[in-house]
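Descriptive analysis of the structure
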Amino acid sequence: MPTPTRRYVLMVAVLVLLGVGFALVPARGESIYRFQFGGKNVAFVRGDANMKVEEKEHDISDRFFKSQPTSEHVKVTADAATGDAAFLHYHYDTPPALITPALSAGVWVRCTRPGVQLRARVVFPKEPDPARPESPLTALIVGDTHNGENWQKLTLTDVPALLGKRLPILQTQIGRAVNADGAYIDRIVLNLYTGPGTADVWIDDLDIGPVKGAEGAGGAPGEVVKRPKPGTEKKGARGRLSRQEGGQLFVDNKPFFFRAVRHTGAPLHVLRQAGFDSLWVPADVPADVLEEANREGWLVVPSVPTALPAAPTANSTAEAAALDAYYRKFADSDVLFYDLGSGRQQEQTGAVERTRDYLRLRDPKRPFSAGVWDGFKGYSAFLDAVGTYRWPLFTSLEMEGYRGWLAQRMSLSSKRAVFWTWIQNHAPDWYVESVASVSPGGGFAEPIGPHPDQVRLLAYLSVACGCRGLGFWSDQYLADSHHGRGRLQGMAILNSELEMLAPVLLAGDQQPQWLDTNHEYVKAALIKGNLSGNFGAVLLPIWLGPGSQYVPGQGALNDLTVTVPLVADGADPWRISPAGVTCLRNDAQKVPGGTKLTIREFDLVTPIVFTNDVSQNGLVVRWQDYNRKYGRVAARWAMDLAAEEYDKTLATHRKLAEMGVQIRGADSLFQQAAQLHTAAQRSFAAELYAQAFADAQRALRPLRVVMWDHWKKATETLDVPSASPFAVSYHSLPKHWELFREIQSCQVGASALPGGAFEPVGGGPLPKDGAPVSELPGWSARFGTLDRVKVAAGLVPADQTTDKPDVKTPEYLGLKMWRPSREITRPGDGYEPPAPQLGRGVLKLEVRRRGDLAPDGKPVEQSTMPLERTFLAVESPPVNLPPGSLVRVSGWVKIPGEISLTADGAMLYDSAGGEPLAVRVTKTKDKWKQFHLYRRVPASGQISLTLALTGVGVAYFDDVRIEPLHPTAQGAQYGARPGPRGAAPVVPAGAVRPTAPVVPAGGVRPR
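Each chain has its residues counted from 1, running along the sequence as written. At least 70 in pLDDT is required for a residue's local features to be given in this predicted model, at least 80 for side-chain atom pairs to be given and counted, and no such filter applies to totals for whole chains, interfaces and linings, which use all residues. The basis for every side-chain value is the complete set of heavy atoms in the structure, and neither hydrogens nor water enter the calculation.

**A short note on the sheet that holds strand E29 (residues 588–591)**
Counted only if it meets this: Two strands make a pair as long as DSSP finds a minimum of two bridges between them. Comment: elements are numbered from the N terminus, with helices defined as DSSP H or I runs of at least four residues and strands as E runs of at least two. Interaxial angles span 0 to 180 degrees and are taken between N-to-C directions of axes, which are lines fitted to C-alpha atoms, for helices over the stretch in contact.
As summarised here, the arrangement of the three strands in space is E26-E30-E29, forming an open sheet in which the pairing is antiparallel. Because the sheet does not close on itself, it has two edges, and the strands there are strand E26 (556–564) and E29. With strand direction ignored, the average angle separating the axes of adjacent strands in the sheet is 25°. Sheet analysis places E29 next to strand E30 (residues 594–603), joined by four bridges and oriented antiparallel. The residue bridging Lys590 from the neighbouring strand is Thr595, located in E30.

**Digging into the sheet that holds strand E23 (residues 513–516)**
Quick reminder of the rule: Any pair of residues with heavy atoms lying within 4.5 Å of one another is described as a contacting pair.
Strand order in the open sheet made by the six strands is E23-E24-E25-E31-E27-E28, with antiparallel pairing throughout. This sheet does not close on itself; its edge strands, each paired only once, are E23 and strand E28 (582–583). In the sheet, strand E24 (residues 522–528) pairs with strand E25 (residues 537–543) via seven bridges, with the strands oriented antiparallel. Its bridge partner being in E25, Val522 is matched across the sheet by Trp543. Contacts between helix H11 (residues 452–464) and the sheet are confined to E23, E24 and E25, with E25 contributing the most and set at about 140° to the helix. Helix-sheet contacts for helix H13 (residues 619–658) involve strand E27 (572–575) and strand E31 (608–611), and the interaxial angle to E31 is about 140°.

**Section: the side chain of Asp339**
Note the threshold: Between buried and exposed lies partly exposed: a residue is buried under 20% and exposed over 50% of the maximum accessible area for its type, with that area taken using a 1.4 Å probe on protein chains only. Within this scheme the basic residues Lys and Arg register as positive and the acidic residues Asp and Glu register as negative, but His and the chain ends are omitted. Any carboxyl oxygen of Asp or Glu that lies within 4 Å of a side-chain nitrogen of Lys or Arg is treated as forming a salt bridge with it. Pairs of N or O atoms are called polar contacts if they sit within 3.5 Å, as long as, within protein, a hydrogen donor faces a hydrogen acceptor (for residues adjacent in sequence, only side-chain-to-side-chain pairs).
Here Asp339 shows up in strand E18 (residues 338–339). It is Arg344 that comes nearest to the buried, bridge-free Asp339 among opposite-charge side chains, at 7.2 Å. Of the polar contacts made by the side chain of Asp339, one reaches the side chain of Trp280; its length is 3.1 Å. Here Gly341 takes part through its backbone nitrogen, which lies 3.2 Å from a polar atom of the side chain of Asp339. Non-local contacts of Asp339, meaning those with residues more than four positions away in its chain, are made with Trp280, Val301, Pro302, Ser303, Val304, Tyr326, Ser369, Ala370 and Gly371.

**Some words on the environment of Ser944**
Its place among the elements puts Ser944 in the loop between strand E43 (942–943) and strand E44 (945–949). Placed 66 residues apart in sequence, Ser944 and Pro878 show a C-alpha to C-alpha distance of 4.5 Å.

**Details of the nonpolar core**
Put simply, the rule is: As used here, the term nonpolar core means buried Ala, Val, Leu, Ile, Met, Phe, Trp, Tyr and Cys residues forming a set that is joined through side-chain atoms within 4.5 Å.
The biggest cluster of nonpolar side chains holds 207 residues, and the ones touching the most others in it are Leu539, Trp623 and Phe957. Considering each element in turn, this core owes the most residues, 16 residues, to H13. Not counting residues within four places of it along the chain, the set of residues in contact with Trp623 comprises Met500, Val504, Trp574, Ile576, Val581, Val609 and Thr611. Counting 49 residues, the second-largest nonpolar core is a separate cluster that includes Phe44, Val76, Ala78 and Ala86.

**Here we look at the packing of H11 against helix H12 (residues 485–506)**
Cut-off, in case you're wondering: Should an angle lie under 35 degrees it is considered roughly parallel, over 145 roughly antiparallel, and from 65 to 115 roughly perpendicular; all remaining angles are considered oblique. Working rule for handedness: look at the near helix, and if it is turned counterclockwise from the far one by less than a right angle, call the crossing left-handed; if clockwise, right-handed. When residues are grouped by polarity, Ala, Val, Leu, Ile, Met, Phe, Trp, Tyr, Cys and Pro land in nonpolar, Asp, Glu, Lys and Arg in charged, and all others, Gly among them, in polar.
At a minimum axis separation of 9 Å, H11 and H12 run at an interaxial angle of 20°. Between H11 and H12, the angle is such that the two are roughly parallel. Of the two possible hands of crossing, H11 and H12 adopt the one that is right-handed. Contacts from Pro452, Val455, Arg456, Ala459, Tyr460 and Val463 in H11 reach Gly486, Arg487, Gly490, Met491, Leu494, Glu497, Leu498, Leu501 and Leu505 in H12. Grouping the constituent residues of the contact of H11 with H12 by class yields ten nonpolar, two polar and three charged.

**Quick notes on unusual backbone geometry**
Put simply, Gly209 and Pro210 share a cis peptide bond, and its omega is 0°. Along the chain, the position of Pro210 falls in the loop between strand E11 (197–209) and strand E12 (242–245). Its identity is not glycine, yet Leu604 carries a phi of approximately 60°, on the positive side. Considering the arrangement of structural elements, one finds Leu604 in the loop between E30 and E31. Among the residues examined, Leu604 registers a relative accessible area of 2% and is labelled buried. Phi is positive for Leu901, which is not a glycine, with a value near 65°. As for its position among the elements, Leu901 is in the loop between strand E39 (886–894) and strand E40 (906–910).

**Comments concerning the pattern of salt bridges**
Applying the stated criterion across every chain yields a total of 46 salt bridges. Arg390 serves as the salt-bridge partner of Glu915, at 3.6 Å between the closest nitrogen and oxygen. Pair noted here: Glu915 is in the loop between E40 and strand E41 (919–921) and Arg390 is in the loop between strand E20 (385–388) and helix H9 (399–412), with a separation of 525 residues, a long-range link. Owing to a relative accessible area of 31%, Glu915 belongs among the partly exposed residues under this scheme. Note that Arg935 and Asp910 form a salt bridge whose closest N and O atoms lie 2.9 Å from each other. Residue Arg935 is found in strand E42 (residues 929–936), and its partner Asp910 is found in strand E40; the two are separated by 25 residues along the sequence. When sorted by exposure, Arg935 lands in the same class as Asp910, which is buried.

**Regarding the environment of Cys465**
Its location among the elements puts Cys465 in the loop between H11 and strand E22 (469–474). Residues Cys465 and Gln408, 57 residues apart in the sequence, show an inter-C-alpha distance of 9.3 Å.

**Looking at the packing of helix H15 (residues 689–715) against helix H16 (residues 733–744)**
In contact at an axis separation of 11 Å, H15 and H16 are set at 20° when each is read in the N-to-C sense. Judged on the interaxial angle alone, H16 and H15 are roughly parallel. For the pair H15 and H16, the sense of crossing is left-handed. Contacts between H15 and H16 involve His710, Trp711, Lys713 and Ala714 on the former and, on the latter, Leu733, His736 and Trp737. Among the residues forming the contact of H15 with H16, the class breakdown is four nonpolar, two polar and one charged.

If you want it as structure tokens, here you go:
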């Protein structure tokens, strides 16, 4: 069956095209003013009326809203009035909007009675008002009228025609022709009169544009440009106060789990729509952006421009002046906490603490935080919040390793400080430059990562490790419809789930308990709260399958089981989703050791909460209210996400198919995704939003299977996926196959790396105690640590590192009447695994804990705390080769036992791929293991190797090489295409096979 066409995809995603009112990303070229009523103060002002009116209520409401989190609510009681001229005006001042055919305005209204009418004030700057000659003439034009109880967008369209109907009346009133040159709208007016009696009105999502004076506002094309309202240029924020107490942030005296996003130019209303509540801004953030954030009710996290010197006697006049200006700039903002910098190391502790003290004299209440790389114990002793970060996506650090790294950082910090982390939601610069082949900040012609499901996994791993807040490190492509739209929609769903889980997470223990499930790649984090009370506990089963940092696997299972200990009697498990919560009481049973829960349909991460809080204002009722408010929007997000990922996955699949790369069942998988999306559309049209959400989520699974199968096919002959810099992402696989073909058309040359065999100089035997690395010309060792460890790096005799042969025990056939007359050869008999041809020496790296003594002279028990900063590395001399040429980097590694107290273990990497694409090994089962990497020589013409150890243990290295790959004359015409695993490359007719092509795989090579 043929692959579904793009037209079919667009037809399947018709709701995406029709639902522009729900789009998270504005169209390019707009200059629209928007206001979303997300703050704490009302924005509409009561105007004049021609009847007696009593304003009962005027506030910000979260009962009804068009976009989260709030709307403006007005409750009025009016007496009877006669005729169509009755009016009760409430108005909102906007930036000037010139009256042109392109002008439009709108506002969403919900009212208990029909009749609310949209109007706008038109200003004629060249026509004086006869009653007030010092002021320009103004007039009202009339737009749509609300006709029901549900949300309705009232609009002003074809404004020149509306004004044309009004001009004859004005001319009659002033007795002359009206000069309408330069006329503009400066005020949106709502006539709230709906007849005698009481009416409740909710107002949300106002927009008008194009607005006058958008040029020079600093907004990029497609962004929303906002100007201060007349008379409110210095309007401050909402006055919310934040504090830290007992390892928890509070905002307005309520526990707060923050979901912050780094501001990189995406429109603030788009980020708000996606569920973020805090905005991370640099010290030099433009004033209009800060004013907009204040007006929209954002909590702000401003980064300091500098830090004071650590020494009090040092001259710090310039730094102090910069910090004073920084404080004044954000004094009127709702600051969640002050950010004292990122990547802070222990050596900077004094400077950061002195900067904190300086700013605390000016703001003694609000918290202070910093992003810490090491020195956690010291920083968490005086900071209110401690953050950390690491970008595991596209690197060789597995999700399991990332979980261990986060847990280690958490254990290094004091419980008095709030622990949070950045979530990778961007393509790092090294990936953009080397894989996407564009300069940072440039545009992309093709889709890139990260995948929304990868961001979801990172976020839930962080929550499961005890984080009480998350920051999303986003790039400038977040709101771009070709690159960031899917991530934005995925984060909207994620933020909704986190908002529902926040009360339980904040009441839980920061030290989670990890539980095994019936699947080896799924681990469940149990965050225990007050199990006998209302908040129960959170269970987060998370997919940790290998390779998820490159391409997310299907990650979906039926009947996943996990035994949860210490569940209180009466606490039922509830599956949490922004479109609907489901009680799983019938899938839970008491067993020895706890409650056995069966999750009938597991998908990457399935949040579960055990609670008995079913009271009128309890957790379950609040979740159900949340579903009623957000279910429709959440279903729409999920459907848009499925359509977006379908489109991108199909585009890359077609490129791979054109290259001759096929996977089994791809057409069927795409059809399954399309059918599930169609089912979601039907459910959405029937207002079955929970079912629509579930079907849209299921539509992503076949797409993940397509991506995973393509990635497995590309990497199955590689020792590690990072051996090819283009195999670290699904969307870069076409470039990987191009590299694969180029490598196949080459022949390997002799190693250009001197000393890579670690043989003693001069050919003599190595001393028993070994020799320093410096005896090898050009080789050097370096070391850095904050931990109490002893290290050693040197050349040692190789005779003690030879692998012991595996003892093969004969297979027991049992007692049988008939036995073969001769021994039957088994498939593995006679096979010898690859092994290095050991010479006289190998490189040994060793790290071990110090053996300290107590005052009484007895040995102190060694600490089991993870290593914070220990890095023992040996670096090779640089090798000079033609820039852009291909090389094969290889080496043998052996680890006796296991490398512990670290997530990275032993590493081997080159200067072209760097540490992100390193070989990371924590154990080799006491055997020598060989690794190959394929790299292109940088523009500098130099490439070198680094061999490192980051944890406690021993690592041996031998026979490391940098071998140039030379194109052959025959290979220049060699057009092999990828074939099945183990099969020879398929050669087109007429092509000449080179005599010894290089196959990107492991194996033994001649020395």
